[in-house]
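Summary of the model geometry
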Amino acid sequence: MFKKLKFGKTTFVVQGVNFLSLLQTFEKEKIKIYKIARTSDTQMIVVCKYKDAEKALAILKEKCYNVLEQKNNTVSAFLRNFAMRTGLIVGLGAGLLLNIIASFFVWNITLYGDGLDSEILSALKTNGVGVGTLKGSLSEDEIEQILYENVEKLSLVDATFYGCNLVINYTAVTSGMEEDTGQTNIVAKTDGIISSITVLEGTALVKINDYVQKGQVLIAGYTEEDGEITECQAKGQVYAYTFKSATVEFPLEKVILTRTGNFVTNTKVTFLGSTVFDSTQEHNFSKFESESQEEYLTPSSALPLKIIYERIYELEEIVLTQDFEANQSDLELEARLLALAQVEADDNIIEEKAEINFVSNVYFVSYYIKIREKIS
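Cut-off values and rules
- In this convention, every chain numbers its residues from 1, walking through the sequence in written order.
- Under the rules for a predicted model, residues below a pLDDT of 70 receive no local features and side-chain atom pairs below 80 are neither given nor counted, while totals for whole chains, interfaces and linings still include all residues.
- Each side-chain value is derived from all of the structure's non-hydrogen atoms; neither hydrogens nor water enter the calculation.
- Axes, fitted as lines to C-alpha atoms, cover a helix only where it is in contact. Angles between the N-to-C directions of the axes lie from 0 to 180 degrees.
- Only DSSP runs of H or I reaching four residues or more are called helices, and only runs of E reaching two or more are called strands; each is numbered from the N terminus.
- Each helix crossing is assigned a hand: it is left-handed if the near helix lies turned anticlockwise from the far helix by less than a right angle, otherwise right-handed if that turn is clockwise.
- Two residues qualify as a contact provided that any one of their heavy atoms is within 4.5 Å of a heavy atom in the partner residue.
- Throughout, the ten residues Ala, Val, Leu, Ile, Met, Phe, Trp, Tyr, Cys and Pro are labelled nonpolar, Asp, Glu, Lys and Arg are labelled charged, and all others, Gly among them, are labelled polar.
- The term nonpolar core refers to a set of buried residues drawn from Ala, Val, Leu, Ile, Met, Phe, Trp, Tyr and Cys, joined through side-chain atoms within 4.5 Å.
- Each residue's exposure class comes from its accessible area (1.4 Å probe, protein chains only) as a fraction of the maximum for that residue type: buried when under 20%, exposed when over 50%, partly exposed otherwise.
- Directions pointing from the helix axis toward each C-beta atom define the arc.
- Here, a strand pair is defined by DSSP locating no fewer than two bridges between the strands.
- Whether two aromatic rings pair depends on their centres lying within 6.5 Å, for rings of Phe, Tyr and Trp, where Trp uses its six-membered ring; planes under 30 degrees apart make the pair stacked, over 60 edge-to-face, and the rest tilted.

**Points about the packing of helix H4 (residues 117-126) against helix H5 (residues 140-150)**
Interhelical geometry of H4 versus H5 gives an angle of 115 degrees and a closest axis separation of 10 Å. Between H4 and H5 the crossing geometry is right-handed. Here Ile120, Ala123 and Leu124 of H4 lie close against H5, whose contacting residues are Ile143, Ile146, Leu147 and Asn150. For the contact of H4 with H5, the class distribution of residues is 6 nonpolar, 1 polar and no charged.

This is the structure we're talking about:
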């Protein structure tokens, strides 16, 4: 029986101490070392013959060294890499050919409009326009005419080819204004404290300094004279002091998630939504977040062959202690900006104030803006 021939090299990343003794043991056991590189006080890279790898690993385990990584650079590995590279070249060639062929077809339909997407897609499908349709079979004008004839509520439409994408911009027919309901009363549009009231026609049911709620009748659609009530259309203006407010929470301690530095990377290749290649690494992260990036195989994107890169980061919980006094001014400013976002440009601001409350280890910073506005 012939022994299995072993060629190539093996690289170990080793963690431990007293590396001089380890190298002396390797020399004593006639293990040929090609390279030694010390990366830190407790870490070293050792490169030996592949045929000595088992013996070297046994010595490392016997001496309680931690092997962080073992990489074999052998003839079989070389052949595998060569085969993979050859396959990649063949795949790229095939992809280029498919790219040229695919450029003559529609691979995506994008709609820009409101409310008629399903009707438009249905009309296109009924008339033979969809993913995989030959671009030369229909012109942009013909597609627009199909939609005008088959989508009843369509007002304007524009169809344009961008590469292999069919982009359709459309506008739906707008309904007319609702007819006047004939409401005779004037009601409050919001809560507030009445600051002034002017009645041109009708009867005021509130007075200055009254607190009113949204929907409450301010001026009733009737007049009364000598005990006789006559219905009319209420007319007048009512102004009130209203309040816009916002609150920001600030816990003295909060738990945040931060990256530990550990991550895994996954790669996926898709064609028309189907996965053709998937390299997924398992992880045991209990908490994690991911970032992904995708791009077309070719810049023109005529062939919808996408490469998706995903990196998954391990997260850990950290309790963060916060200083309220150091952040108070910023919190008040944040609450004020949130409150001001509710104020119209022409509103008359009467008063502003901040209020701070502390409940269950959490500060609540509230900001109030008093304005005078028309509520009728």
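And the narrative resumes.
**As for the nonpolar core**
Counting 17 residues, the largest nonpolar core has Ile120, Leu124, Leu147, Leu154, Leu166 and Ile168 as the members making the most contacts within it. Looking at this core, the elements with two or more residues in it are strand S5 (108-112), H4, H5, strand S6 (154-162) and strand S7 (165-172). If we ignore the near neighbours within four places in the chain, the residues touching Ile120 are Leu111, Leu147, Val151, Leu154, Ile168 and Tyr170. By size, the runner-up hydrophobic cluster in this structure holds 15 residues, among which are Leu22, Ile31, Val46 and Leu60.

**Looking at H4**
Restricting attention to buried positions, one finds in H4 the residues Ile120, Ala123 and Leu124. The buried residues of H4 occupy an angular sector of 100 degrees when projected down its axis, which confines them to one face. The exposed set on the far side of H4, more than 90 degrees from its buried face, consists of Ser118, Lys125 and Thr126. Structurally, H4 contributes buried residues whose contacts are with S5, H5, S6 and S7. Just downstream of H4 lies Gly128, where phi reads positive at about 80 degrees.

**Let's talk about the sheet that holds S5**
The sheet built from 3 strands is open, its strands ordered S5-S7-S6 with mixed pairing. Each edge of the open sheet is held by one strand with a lone partner, namely S5 and S6. In this sheet, adjacent strand axes meet at a mean angle of 20 degrees when their direction is disregarded. Sheet topology places S6 next to S7; 8 bridges connect them, and they run antiparallel.

**Description of the packing of aromatic side chains**
Per the counting criterion, the structure on display carries 5 aromatic pairs. Aromatic side chains Phe358 and Tyr363 sit 4.5 Å apart centroid to centroid with 45 degrees between the ring planes, which places their arrangement in the tilted category. Look at Phe358 and you get partly exposed, because its relative accessible area is 44%. A connected cluster of aromatic rings, assembled from ring pairs, spans Phe250, Phe324, Phe358 and Tyr363.

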